[in-house]
Amino acid sequence: DVKVTQSSRYLVKRTGEKVFLECVQDMDHENMFWYRQDPGLGLRLIYFSYDVKMKEKGDIPEGYSVSREKKERFSLILESASTNQTSMYLCASSRETSGPYEQYFGPGTRLTVT
Amino acid sequence: DAKTTQPPSMDCAEGRAANLPCNHSTISGNEYVYWYRQIHSQGPQYIIHGLKNNETNEMASLIITEDRKSSTLILPHATLRDTAVYYCIVIPTGANNLFFGTGTRLTVIP
């Protein structure tokens, strides 16, 4: 069974803190993605990666960075958390052969920055 | 990108077929139709996709009209666990993004 796991379901951080969100998939997928989901704004792509050590900016990369040192792990880093980064963060993965659209999502991390 | 239009909400009796419509009248020839759903407090779940032929898998069937301007997702025997927001997405070849609109909130009623 397809499995994408995220390190935390709920997280509360203070403004200015460095925040790490971890995502692991066990399907040997080449592609991995980080989104944020906000009411009224839908799903927005932050970063994606098509291979180990490769990364591409999505629509809203400002204030975020990513790391992919191993195929199964894709980390999202908030360098200095701000209140406008309070959101639901979703990680996803997909196979190279099926293209980027048949994505499998993790359960999400609800981050609150105070 | 082709935009999609879905009804904001629908109800369906448990055990009955749920038919969820989607209009995508500006779809172009190389754009696929994808369906996802999102159960409350969970990540989105891929359901099915198609280009022009009807498709079926263990979760659902996808019926695409001949002119490709609309499609219908069919859940043949809806259960309470199918209560979710269903998103119809049209994606051009080469796009990196999944863009979810507002979707249809399906409520399965006992």
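In this report, the structure presented in the accompanying data block is examined. (Residues numbered from 1 in each chain as written. Chains lettered and ligands numbered in written order. Predicted model: local features only at pLDDT ≥ 70, side-chain atom pairs only at ≥ 80, totals over all residues. Heavy atoms only, no water.)

Glancing now at the sheet that holds strand β1 (residues 4–6) of chain A. Residue and element names in this part refer to chain A. Across the sheet, which stays open at both edges, the 4 strands sit in the order β1-β3-β8-β7 with antiparallel pairing between neighbours. Of all the strands in the sheet, the pair left with one neighbour each is β1 and β7 (64–70). The sheet shows a mean angle of 20° between the axes of neighbouring strands, taken without regard to direction. In this sheet, strand β3 (residues 19–25) lies alongside β1 in antiparallel orientation, the contact comprising 3 bridges. Bridge assignment links V4 to a residue of β3, and that residue is Q25. (Pairing = 2+ DSSP bridges. Helix = DSSP H or I, 4+ residues; strand = E, 2+ residues; numbered from the N terminus. Axes fitted to C-alpha atoms, helices over the stretch in contact; angles between N-to-C directions.)

Across all of its chains, the model carries 2 disulfides over all chains by this definition. Bridging A:C23 to A:C91, the disulfide has an S-S length of 1.9 Å. Judged by the sign of its S-S torsion, about -75°, the bond between A:C23 and A:C91 is left-handed. Taken as a pair, A:C23 in strand β3 and A:C91 in strand β9 (residues 87–94) lie far apart in primary sequence, 68 residues in all. Assessed through its relative accessible area of 0%, A:C23 is described here as buried. On the basis of relative accessible area, A:C91 is assigned to the buried category, the value being 0%. Here B:C22 connects covalently by a disulfide to B:C88, the sulfurs 2.1 Å from one another. (Disulfide = S-S within 2.5 Å. Buried < 20%, exposed > 50% of the residue type's maximum accessible area, 1.4 Å probe, protein only.)

Applying the stated criterion across every chain, the model contains 12 aromatic pairs over all chains. Ring plane angle 55° and centroid distance 5.1 Å describe the contact between A:F48 and A:Y50, whose orientation is recorded as tilted. These aromatic residues form a ring-pair network of at least three members: A:F33, A:Y35, A:F48, A:Y50, A:Y104, A:F105, B:Y32, B:Y34, B:Y36, B:Y46, B:Y87 and B:F100. (Phe/Tyr/Trp six-rings, centres within 6.5 Å; stacked < 30°, edge-to-face > 60°.)

All names here are of chain A. In the structure shown here, the tally under the stated rule is 8 salt bridges over all chains. With its nearest N and O atoms 3.7 Å apart, the salt bridge here joins E22 to R73. Of this pair, E22 sits in strand β3 while R73 sits in strand β8 (residues 73–78), and the two are 51 residues apart along the sequence. Given the relative accessible area of 23%, E22 is considered partly exposed. (Salt bridge = Lys/Arg side-chain N within 4 Å of Asp/Glu carboxyl O.)

Moving on, we get to the interface of chain B and chain A. On the chain A side, the residues contacting the 20 residues of chain B number 20 residues. Together chain B and chain A conceal approximately 1,500 Å² of surface at their shared face, both sides included; 49% is due to carbon and sulfur atoms. Connecting chain B to chain A are 0 salt bridges. In this structure, the connection of chain B to chain A is made through 3 residue pairs in polar contact (both at pLDDT 80 or more). Elements with a contribution of two residues or more to the side of chain B that touches chain A: β3 (32–38), β4 (45–50) and β8 (84–91) of chain B. Here the element with the most residues in the side of chain B that touches chain A is β3(B); it accounts for 3 residues. Classifying every residue of the side of chain B that touches chain A gives 11 nonpolar, 9 polar and no charged. (Contact = heavy atoms within 4.5 Å. Buried area = accessible area lost by both parts, 1.4 Å probe. Polar contact = N/O pair within 3.5 Å; in protein donor to acceptor, adjacent residues only side chain to side chain. Nonpolar A, V, L, I, M, F, W, Y, C, P; charged D, E, K, R; others polar.)

Below, the discussion takes up the side chain of B:R68. Residue and element names in this part refer to chain B. Here R68 lies in the loop between β6 (61–64) and β7 (70–75). It is E31 that comes nearest to the buried, bridge-free R68 among opposite-charge side chains, at 5.8 Å. Look past the residues within four positions of R68 in its chain and what remains in contact with it is H24, I27, S28, G29, N30, E31, L51 and K52. (Lys, Arg positive; Asp, Glu negative; His and termini not counted.)

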